[in-house]
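Breakdown of the fold
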Amino acid sequence: MPSGRIYRMRGRICGVRGRIYGLLAVILPTLVIAHPNSAASQTMLSCAGRPDVISFLDRNFGEKLTAVGLINQNAVLEVYAAKSGTWTLVVTDVHGISCILLSGDGWDSMPALPGIAT
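Cut-offs used in this document
- Residues numbered from 1 in each chain as written.
- Predicted model: local features only at pLDDT ≥ 70, side-chain atom pairs only at ≥ 80, totals over all residues.
- Heavy atoms only, no water.
- Phe/Tyr/Trp six-rings, centres within 6.5 Å; stacked < 30°, edge-to-face > 60°.
- Buried < 20%, exposed > 50% of the residue type's maximum accessible area, 1.4 Å probe, protein only.
- Helix = DSSP H or I, 4+ residues; strand = E, 2+ residues; numbered from the N terminus.
- Disulfide = S-S within 2.5 Å.
- Pairing = 2+ DSSP bridges.
- Salt bridge = Lys/Arg side-chain N within 4 Å of Asp/Glu carboxyl O.
- Polar contact = N/O pair within 3.5 Å; in protein donor to acceptor, adjacent residues only side chain to side chain.
- Contact = heavy atoms within 4.5 Å.

This paragraph deals with the packing of aromatic side chains. Across all of its chains, the model carries two aromatic pairs by this definition. When the centroid spacing of 5.9 Å and the interplanar angle of 75° are considered together, the rings of Phe 56 and Phe 61 count as edge-to-face. Taking the relative accessible area as the measure of exposure, Phe 56 reaches 35% and is therefore partly exposed. Taking the relative accessible area as the measure of exposure, Phe 61 reaches 41% and is therefore partly exposed. Both rings, one in Trp 87 and one in Trp 107, keep their centres 6.5 Å apart while their planes meet at 50°; by these two values the pair is tilted. Of this pair, Trp 87 sits in strand β4 (residues 87-93) while Trp 107 sits in the segment after β5 (97-104), and the two are 20 residues apart along the sequence. For Trp 107, a relative accessible area of 33% gives the class partly exposed.

Have a look at this one:
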């Protein structure tokens, strides 16, 4: 039955894709946070109180909280995105200080696929 084989392959591809996204979601923030901060890199990091950062993203880009995940016991990773496609990756620590790590264009939310648990 060829169609059964196609469905199994799609399941494997989606499973692999999910693992890759999960791995990137863990590795990227960890590398950014664990990177030894030189004086030059500290000046480039944009940090402020969480309410100020959220207000800035909403006011200037129309970005709203789209996704959130725990990095560890001391930090939360947040993704803010706008309908225009802009996005910002923010890490917030337990003291309420948020730092903008990355931003870009072309954000696209993916709908949940049938049969795949979310």
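Inspection of the entire model under this criterion finds one disulfide. Across the disulfide from Cys 47 sits Cys 99; the S-S distance is 2.0 Å. Note on the Cys 47 and Cys 99 pair: the S-S dihedral is about 110°, so by sign convention the disulfide is right-handed. Pair noted here: Cys 47 is in strand β1 (residues 46-49) and Cys 99 is in strand β5, with a separation of 52 residues, a long-range link. With relative accessibility at 38%, the residue Cys 47 sits in the partly exposed group.

Now for the pairing of strand β2 (residues 64-72). Bridge analysis of β2 against strand β3 (residues 75-81) gives seven bridges, and the strand direction is antiparallel. When the bridges of β3 are listed, Lys 64 appears paired with Ala 81. Between β2 and β3, which pair antiparallel and follow one another directly, the connecting turn spans two residues.

A side chain of one charge can pair with a side chain of the opposite charge when the charged atoms of the two come close. On inspection of all chains with the given rule, the structure shows two salt bridges. The salt bridge involving Glu 78 is made with Arg 50; its shortest N-O contact spans 2.6 Å. You can see Glu 78 sitting in strand β3 and its partner Arg 50 sitting in helix α3 (residues 50-61), a full 28 residues away along the chain. According to the relative accessible area criterion, Arg 50 is partly exposed, its value standing at 29%. One salt bridge connects Asp 58 with Lys 64, and the closest N-O pair in it is separated by 2.7 Å. What makes Asp 58 partly exposed here is its relative accessible area of 34%. Lys 64 sits in the partly exposed class, given a relative accessible area of 48%.

We now examine the side chain of Glu 78. Judged by its relative accessible area of 3%, Glu 78 falls in the buried class. Engagement of the side chain of Glu 78 in a polar contact is seen with the side chain of Arg 50, the distance being 2.6 Å. Leaving out residues up to four positions away in the same chain, Glu 78 has contacts with Arg 50, Leu 65, Ala 67, Val 68, Thr 88, Leu 89, Val 90 and Thr 92.

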